[in-house]
Amino acid sequence: MIFSAIFTLLFTLPLAFAWTHHHVEVGPNSQLVYDPEYITADIGDKVTFRFHQKNHTVTQSSFQTPCTQIFDGFNSGFNPVGPDVYDNFPTVTLTVLVDTPLWFHCEQTGHCPQGMVFAINPPASGNTFDKFKAAALATAAPTGGSHARAEMARRFPRASLAPKDLAQ
Ligand SMILES: [Cu+2]
C-alpha cells in the first residue's frame, strides 16, 4: 500500500510541474491582431498576454458569437498603452483549466469585427480558428463603422460614453 503510494507520487509529480508558459503579443506594431492568433495548451499551462499600444482586451467569447463576451468568462479588462510607450507593456496571465476550445476577442470598438480574435485549442476540423475569425469579420457593419457606431449610440447611449472610446 505504502509502496504503491510512493510509486504513484514519484511518477505523477514530474507531470504536475511540466506546464508550459505561453506568450501572446496583443496588438503588436499597432496591428489589430494577437500574435500568435491561437495556441495549443494543456490543462495547467499559463498564457501571458502582453498589451502593446492602443487599448485592447482579451475577453472570452464563443465560437458562435466571436465578438460577444460570455457570462463568467475570462476578461483581462482594458489595458491602455500610450503611443509613446515602447517597453514595460502591461501583462495579464491566464491559467488553462480545461482542454476544450476557448475563444477570445478584443472588446475595443471595431477591433473584433476587423478580426482581432484569439483561441486556445481550436479544433483542426469543424469549428476551426479560420471559421471563428471569418465569423468575427462577418460582424462588421456592411455600411462602415460610423453607421455601426451611430446605431450603437442610439441603442446603448450609456455605452457610448465608455472610457474605452478614448484610445482606439
Ligand atoms: Cu483591440
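Only a predicted model underlies this, so the values are computations on that prediction, with no experimental measurement involved. (Residues numbered from 1 in each chain as written. Predicted model: local features only at pLDDT ≥ 70, side-chain atom pairs only at ≥ 80, totals over all residues.)

(A) Structural detail: the nonpolar core. Ranked by internal contacts, the top residues of the largest apolar core, which has 24 residues, are Phe 104, Val 117, Phe 118 and Ala 119. Elements represented by at least two residues in this core include exactly strand 1 (21-26), strand 4 (46-51), strand 9 (102-105), strand 10 (117-120) and helix 2 (129-137). Sort the elements by how many residues they give to this core and strand 10 lands first, with four residues. (Core = buried A, V, L, I, M, F, W, Y, C linked by C-beta atoms within 7 Å. Buried ≥ 20, exposed ≤ 12 C-beta atoms within 10 Å, placed from the backbone. Helix = DSSP H or I, 4+ residues; strand = E, 2+ residues; numbered from the N terminus.)

(B) Local environment of the sheet that holds strand 2 (residues 34-35). Reading across from one edge, 2-1-4-8 is the order of the four strands in this open sheet, with mixed pairing throughout. Each edge of the sheet is formed by a strand with only one pairing partner; in this case those strands are strand 2 and strand 8 (91-95). Inspection of the sheet shows strand 1 paired to strand 4 by six bridges, in the parallel sense. Following the sheet pairing, Glu 25 is matched in strand 4 by Arg 50. (Pairing = 2+ DSSP bridges.)

(C) The arrangement of the environment of Gln 64 in detail. Structurally, Gln 64 is set in the loop between strand 6 (59-61) and strand 7 (79-81). Each C-alpha atom of the pair Gln 64 and Lys 131 lies 9.9 Å from the other, and the pair is 67 residues apart in sequence.

(D) Representation of the pairing of strand 10. Residues of strand 10 alternate between two faces, with Val 117 and Ala 119 on one and Phe 118 and Ile 120 on the opposite face, all of them buried. In terms of strand pairing, strand 3 (residues 38-39) meets strand 10 through two bridges, oriented parallel. Bridge assignment links Tyr 38 to a residue of strand 10, and that residue is Ala 119. Examined bridge by bridge, strand 9 and strand 10 share four bridges and lie antiparallel to one another. For Leu 102, the partnering residue across the bridge sits in strand 10 and is Ile 120.

Any functional reading would require information that these geometric values do not contain.
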